[in-house]
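A structural walkthrough
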Amino acid sequence: MVLNSNRVEHFSGGGGGTTTTITISGDALPPLETHEVCLPPHRTTLQKLRQRLSEIFFPDDPLHGFKNQTWFRKLHFGLQYFFPIFQWATNYNIKLLRSDVVSGLTIASLAIPQGISYAKLANLPPIIGLYSSFVPPLIYSVLGSSRHLAVGPVSIASLVMGTMLSETVSSTEEPILYLQLAFTATLFAGLFQASLGFLRLGFVIDFLSKATLLGFMAGAAVIVSLQQLKGLLGIVHFTSKMQLVPVLSSVFHQRNEWSWQTIVMGVCFLLFLLTTRKISMRRPKLFWISAASPLASVILSTILVVLLKSRVHDIKTIGHLPKGLNPPSSNMLYLHGPYLGLAIKTGIVTGILSLTEGIAVGRTFAALKNYQVDGNKEMMAIGLMNMAGSCSSCYVTTGSFSRSAVNYNAGAQTVVSNIILATTVLVTLLFLMPLFYYTPNLILAAIIISAVIGLIDYQAAIRLWKVDKLDFLACISSFLGVLFISVPLGLAIAVGVSVLKVLLHVTRPNTVVLGNIPGTQIYQNLSRYKETVRVPSFFILAIESPMYFANSMYLQERILRWIREEEQWIETNNDSNMKCIILDMTAVTAIDTSGIDTISELRKMLEKRSLKLVLVNPIGSVMEKLHQSNILDSFKSEGLYLTVGEAVADISSSWKAHL
């Protein structure tokens, strides 16, 4: 590595060892006082453990409002905390209701056709999609903290559930078993989500990075869109596999089943949906156009099929949908048997995906309106919502970005919009189900394609390439894994790449050589700031990570390599010999016994080479561990300083005094 070769022109020490005057490049700096590096205040082990657990599980201090309050106020705050409906219900008025009714009816026009479509995507009866748009929104309206999150089935969770269950159980040959497994997977998804929230373990879902999800959703969108060619082309015998090659192969091998009437009508409605979506994206005030277009397409396509049914026989329709409320499904939960493991695995995977999407969407719109969404409360709300849904004929639901965007643009003020949505679905279930009998399958395929196509964000992928190549690798691995292997394995590959990235940062931390900016007491990266200069006889290194067992050996080897390279540079340039190695530990946020041993070994090795090792600015917890390990005793008086400037000044003064 080529470093800046500038040198300090003149360096002189003065004072009585506690103050030193430095002259660099002709600029005399004011006298520098040397400060003592102090230990943090003494705390017991229990106090340290309590603070650490608080930092891990309660970084937002959720109970701060309970301090110094009466028991009645604490009860009131408790109700508000666990049931956010109590926060806004007392101030609710007609003006807010008017806005929520408009937004609720608007998202209902989108949710009803999407619910039917996404249920088919999960290989479930279409009615299950409507059931899942009724009960979950009601529960979320009581427990949820986001004002704009519109709850219901979503494409990604539907796709993953359908894919994972269909690999083992056929939805056509064993429909009852498949339905049982879907409800059971929903139960375990809810249990997993609620447990994460209750135990405040939300950081688990952080391993699904934005880059990972970007590639995963793009790959899933492509697969979902290709799967919908079955409905758009009128194919009857279609592959159940979800990889790119088998899907395309099935499309072209079944050319004899293509129906030109289905293709013409399907393509026309797909173009209509994509056009309305484009209009709403360019002019956000016209959001209602894309929001109403799916329901309008369902109505119009149904009317066309009814009018042309005597002439057009090849267009497949939904058929009979039962009227009435959600039937209880607790008796259908599959809690023992050979497929229980499949249900649990499917529940956990779909639970993580739906939780990630729901919280991300909620926080996005909360930021736009300047309010906060509690991630752990959202996990509990979504988890309880799915647990209740599994007992009322619903499958996995969460906050949908498309419906939430419509909800936000329609002027939603509170979660009452979800209640209006559920009420509209209730009316549909009770009275309007016969109207869907002649709704063609092709329109459901067109709605799904128009919805998921927005998940392909190529511009974001280009930004990843420009900013972080490892993030781009995670993104493209996820994308290709979903396309060519399978949806779950594609996700697993992407998570593996993300974890590998974390491990690389942990096990191979950054170390930099520092130099002085002339005329200041500032020390910065020599290779980054060209005005920085080396200080004669000193070699200053900064470690920019914690020192753990996972990276301690690497740090030792890397530091010794830095020293060897510096010695070679000094020999080549006939410069003054190196006498002191300064380790700037400002960015070392933590250290364990392996890290302490590394420092001790370094000191011994350098001492044998007549080189002095100095530590600078260890933070409180690091300083405490160094003190308790007695390693500081071996550093003597000139081994620990508060700043690099003080270390350079004081040691230089000491050398001058011994001349």
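Here the structure is a predicted model, which means the values were calculated and not measured.

Describing the pairing of strand S10 (residues 580–584)
Across the 5 residues that make up S10, a large majority, 5, are buried. The two faces of S10 match: Cys-580, Ile-582 and Asp-584 on one face and Ile-581 and Leu-583 on the other face are all buried. Of the pairings in the sheet, the one linking strand S9 (residues 538–543) to S10 comprises 5 bridges and is parallel in character. Its bridge partner lying in S10, Phe-539 is registered against Ile-581. Where the polypeptide runs from S9 across helix H22 (residues 552–573) and back to S10, its parallel neighbour, the crossover connection is right-handed. Bridge count for S10 against strand S11 (residues 612–616) is 5 bridges, and the pairing is parallel. The partner of Asp-584 across the bridge, within S11, is Val-616. As a crossover connection, the stretch from S10 through helix H23 (residues 593–608) into S11 is right-handed.

Looking at unusual backbone geometry
Even without being glycine, Ser-610 reaches a positive phi, approximately 60 degrees. Checked against the element boundaries, Ser-610 lands in the loop between H23 and S11. One non-glycine residue, Asn-630, lies in the positive phi region at around 65 degrees. With respect to the helices, strands and loops of the structure, Asn-630 is situated in the loop between helix H24 (620–628) and strand S12 (640–641). Using a relative accessible area of 51% as the deciding quantity, one classes Asn-630 as exposed.

Some remarks on the nonpolar core
Core analysis: the biggest nonpolar cluster contains 94 residues, and Leu-124 and Leu-353 have the highest contact counts within it. Once you skip the residues sitting within four places of it in the chain, Leu-353 turns out to touch Ile-156, Val-160, Leu-208, Leu-213, Phe-216 and Leu-491. Among the nonpolar cores identified, the runner-up in size contains 32 residues, and Val-37, Leu-541, Ile-570 and Leu-613 belong to it.

Considering a nonpolar patch on the surface
Residues Val-245, Leu-470, Leu-473, Ile-476, Leu-480, Phe-484, Ile-485, Leu-489, Ile-493, Leu-500 and Leu-504 make up a contiguous nonpolar surface patch of roughly 890 Å² in combined accessible area. Among the elements of the structure, helix H20 (469–484) and helix H21 (487–507) are those that each provide at least two residues to the nonpolar patch. With respect to the helices, strands and loops of the structure, Leu-473 is situated in helix H20. With a relative accessible area of 40%, Leu-473 lands in the partly exposed category.

Let's talk about the sheet that holds S12
Strand-to-strand pairing in sheets goes through backbone hydrogen bonds, with the strands running parallel or antiparallel. If you walk across this open sheet you meet the 6 strands as S8-S7-S9-S10-S11-S12, and the pairing is mixed. The sheet terminates laterally at strand S8 (523–525) and S12, the two strands that pair on one side only. The pairing of strand S7 (residues 511–516) with S8 spans 3 bridges and is antiparallel. When the sheet's bridge partners are listed, Leu-514 is paired in S8 with Asn-525.

Side note on helix H12 (residues 260–282)
Between the first and last C-alpha of H12 there are 33 Å, a value that for 23 residues agrees with the 33 Å anticipated at 1.5 Å per step. Considered for burial, the residues of H12 that qualify are Gln-261, Thr-262, Met-265, Gly-266, Phe-269, Leu-270, Leu-273, Thr-276 and Ser-280. Tucked into the core, H12 has its buried residues touching helix H10 (229–233), helix H13 (287–308) and helix H18 (441–452).

Looking at the pairing of S9
Within S9, 6 of the 6 residues are buried, leaving the element largely enclosed by the surrounding structure. Side chains of S9 alternate between two faces, with Phe-538, Ile-540 and Ala-542 and Phe-539, Leu-541 and Ile-543 buried alike.

Regarding the confidence of the model for the protein chain
For the protein chain, the average pLDDT comes to 84, and 93% of its residues sit at 70 or higher. Low confidence marks residues 1–18, where pLDDT is under 50. Its contacts with residues over four positions away, or in another chain, come to 62 contacts.

Description of the pattern of salt bridges
The tally for this structure, following the rule as stated, stands at 6 salt bridges. The partner of Glu-567 in a salt bridge is Arg-609, with the nearest N and O atoms 3.0 Å apart. In this pair, Glu-567 sits in helix H22 while Arg-609 sits in the loop between H23 and S11, placing the two residues 42 residues apart along the sequence. By relative accessible area, which is 30% here, Glu-567 ends up partly exposed. A salt bridge links Arg-603 to Glu-607; the nearest nitrogen and oxygen atoms lie 3.2 Å apart. Taken together, the positions of Arg-603 and Glu-607, both in helix H23 and 4 residues apart, correspond to about one turn of that helix. Taking relative accessible area as the criterion, Arg-603 reaches 13% and is therefore assigned buried. In this structure, a network of salt bridges that share partners links the residues Asp-468, Asp-471 and Lys-501.

Observations regarding helix H17 (residues 416–432)
End to end, H17 covers 23 Å across 17 residues, agreeing with the expected 24 Å (1.5 Å per residue, within 8%). Listed in full, the buried residues belonging to H17 are Val-416, Ser-417, Asn-418, Ile-420, Leu-421, Ala-422, Thr-424, Val-425, Thr-428 and Leu-429. Lining the buried residues of H17 we find helix H3 (85–88), helix H4 (94–121), helix H5 (126–131), helix H6 (135–143), strand S5 (151–152) and helix H16 (401–409).

Looking at the packing of H12 against H13
Helix-helix packing is characterised by the crossing angle of the two axes and by the distance between the axes. In contact at an axis separation of 8 Å, H12 and H13 are set at 165 degrees when each is read in the N-to-C sense. Here H12 is positioned roughly antiparallel relative to H13, judged by the angle of their axes. Considering how the two elements wind past one another, H12 and H13 form a crossing that is right-handed. Here Met-265, Phe-269, Phe-272, Leu-273, Thr-276, Arg-277, Ile-279 and Ser-280 of H12 come into contact with H13, specifically with Phe-287, Ile-289, Ser-290, Ser-293, Pro-294, Ser-297, Leu-300, Ser-301, Leu-304 and Val-305. Of the residues that constitute the contact of H12 with H13, the class distribution is 11 nonpolar, 6 polar and 1 charged.

About the cut-offs
Residue numbering note: each chain is counted from 1, following its sequence as written. The predicted origin of the model limits local features to residues at a pLDDT of at least 70 and limits the giving and counting of side-chain atom pairs to 80 or more, whereas totals for whole chains, interfaces and linings rest on all residues. Hydrogen atoms and water are omitted, and side-chain values are computed over all heavy atoms in the structure. When accessible area is computed with a 1.4 Å probe and restricted to protein chains, residues below 20% of their type maximum are described as buried, those above 50% as exposed, and intermediate ones as partly exposed. Only DSSP runs of H or I with at least four residues qualify as helices, and only runs of E with at least two residues qualify as strands; both kinds are numbered from the N terminus onward. Strand pairing is assigned whenever DSSP detects at least two bridges linking the two strands. We call a crossover right-handed when, viewed with both strands directed away from the observer, the connection leading from the first strand over the helix to the second proceeds clockwise. Residues belong to one nonpolar core when they are buried, are Ala, Val, Leu, Ile, Met, Phe, Trp, Tyr or Cys, and are joined through side-chain atoms within 4.5 Å. Whether two residues are in contact is decided by their heavy atoms: any pair within 4.5 Å suffices. Patch members must show over 30% relative accessible area and no salt bridge, and they are joined within 9 Å when carrying like charges or within 5 Å when they are nonpolar side chains of Val, Leu, Ile, Met, Phe, Trp or Tyr. Computed with the Shrake-Rupley method and a 1.4 Å probe, the accessible areas treat only the protein chains shown as cover for residues. A side-chain nitrogen of Lys or Arg and a carboxyl oxygen of Asp or Glu constitute a salt bridge if their distance falls within 4 Å. Here the expected span of a helix is defined as 1.5 Å times the quantity of residues minus one. pLDDT measures the predictor's confidence residue by residue and takes values from 0 up to 100. Interaxial angle, 0 to 180 degrees, is taken between N-to-C directions of lines fitted to C-alpha atoms, where a helix line uses only the stretch in contact. Geometric relationships in this document are graded by angle, where less than 35 degrees denotes roughly parallel, more than 145 denotes roughly antiparallel, 65 to 115 denotes roughly perpendicular, and other angles denote oblique. A crossing counts as left-handed when the near helix is turned anticlockwise from the far one by less than a right angle, and as right-handed when that turn is clockwise. Each residue gets one of three labels, nonpolar for Ala, Val, Leu, Ile, Met, Phe, Trp, Tyr, Cys and Pro, charged for Asp, Glu, Lys and Arg, and polar for the others, Gly among them.

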